[in-house]
Amino acid sequence: MLTERVSRQYLMLKTASGASEHVVAALDELERKLGPSFSEVFKSITVDNGSEFADCKGMEKSVDGDGRRTTIYYCHPYSSYEKGSVEKQNGMARRRLPKGTDFADVTEEELKATEAWINDYPRKMFDFQSSAEVFTAIFPEAARLLFGLSKKS
């Protein structure tokens, strides 16, 4: 799960498991989909110290092999406040997918419905616009590639 910092756009990426190679594969797939927009949208990614994020070099390395796609930062242990936006979004996701949910049993459609619910939720911080509206205004090409949206949608 990724949260874009400015718009709070939330992306839920299903992986085969929580293994670090599957996290890298999910980022690779997302980068292929976004192309050069990936580095524009995700200038950096902040993660916790879970084993799923152990392959820092793999997460940073671009799929085209020409350098770095992003910069990875690790939170200090027991310092979830260092990634507050991510924790807030995860809390919203837990309203629909409670703690203890086996994500192996969650369909891609359920993930996308949860993601859409979070991204379409009006936010006071955005004058009651949704994250999706703000994301589309800031990153129209990425929105088109990810969701088939245009700035006029």
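The text that follows walks through the structure, step by step, so that each part is easy to find.

Cut-offs applied
In this convention, every chain numbers its residues from 1, walking through the sequence in written order. Per-residue local features of the predicted model are confined to residues with pLDDT of at least 70, and side-chain atom pairs are confined, for both listing and counting, to 80 or more; whole-chain, interface and lining totals are unaffected and use all residues. To obtain the side-chain values, all non-hydrogen atoms of the structure were included, while hydrogens and water were left out. Secondary structure elements follow DSSP: runs of H or I of four or more residues count as helices, runs of E of two or more count as strands, with numbering from the N terminus. Throughout, the radius of gyration refers to the C-alpha atoms, and the reference size of a globule is 2.2 Å times the residue count to the power 0.38. Each residue is placed in one exposure class: buried if its accessible area under a 1.4 Å probe, protein chains only, is under 20% of its type's maximum, exposed if it is over 50%, and partly exposed if it falls in between. Note on contacts: a residue pair qualifies if any of its non-hydrogen atoms lie within 4.5 Å across the two residues. All tallies of charge rest on Lys and Arg as positive and Asp and Glu as negative; His and the ends of each chain are not included. Each charge is placed at NZ for Lys, CZ for Arg, CG for Asp and CD for Glu. Each axis is a line fitted through C-alpha atoms, and for a helix only the stretch in contact is used; angles between axes span 0 to 180 degrees, taken between their N-to-C directions. Any angle that falls under 35 degrees is termed roughly parallel, while one over 145 is termed roughly antiparallel, one within 65 to 115 roughly perpendicular, and all others oblique. By nonpolar core is meant a set of buried Ala, Val, Leu, Ile, Met, Phe, Trp, Tyr and Cys residues that side-chain atoms within 4.5 Å join together. Stacked, tilted and edge-to-face are the three classes applied to pairs of Phe, Tyr and Trp rings, where Trp contributes its six-membered ring and a pair requires centres within 6.5 Å; stacked means planes under 30 degrees apart, edge-to-face means over 60, and tilted covers the rest. For a Lys NZ or an Arg CZ to count as sitting over a ring, it must be within 6 Å of the ring centre and within 35 degrees of the ring normal.

Further remarks concern the overall build of the protein. Along the backbone of the protein there are seven helices and six strands. N-terminal to C-terminal, the α/β element order of the protein is β-β-α-α-β-α-β-α-α-β-β-α-α. In terms of C-alpha radius of gyration, the protein reaches 15 Å, essentially the compact-globule figure of 15 Å for 153 residues. Of all 153 residues assigned to the protein, the portion counted as buried reaches 38%. Restricting to contacts in the protein with at least 6 residues of sequence separation, those with at least 24 account for 60%. Distance between charge centres in the protein, computed from 22 positive and 24 negative side chains, equals 5 Å.

Glancing now at the packing of helix H6 (residues 131-138) against helix H7 (residues 140-147). Where H6 meets H7, the axes come as close as 5 Å, and the angle between the chain directions of the two elements is 120°. With respect to their mutual orientation, H6 and H7 come out oblique. Here Phe135, Thr136, Ala137 and Ile138 of H6 lie close against H7, whose contacting residues are Pro140, Ala142, Ala143, Leu146 and Phe147.

Grouped together as the largest cluster of nonpolar side chains are 20 residues, with contacts concentrated most on Leu30, Phe42 and Ile45. Broken down by secondary-structure element, the contributors of at least two residues to this core are helix H1 (20-34), helix H2 (37-41), strand E3 (44-47) and H7. Of all hydrophobic cores here, the second largest spans eight residues; its members include Met12, Leu97, Leu111 and Ile118.

Let us look at the packing of aromatic side chains. As enumerated under the stated definition, the model contains four aromatic pairs in all. Aromatic side chains phenylalanine 38 and phenylalanine 42 sit 5.3 Å apart centroid to centroid with 45° between the ring planes, which places their arrangement in the tilted category. The class of phenylalanine 38 is buried, set by a relative accessible area of 0%. An aromatic cluster of at least three residues, connected via ring pairs, comprises Phe135, Phe139 and Phe147. Arginine 69 extends its terminal NZ or CZ atom over the ring of phenylalanine 38, reaching a point 5.8 Å from the ring centre.

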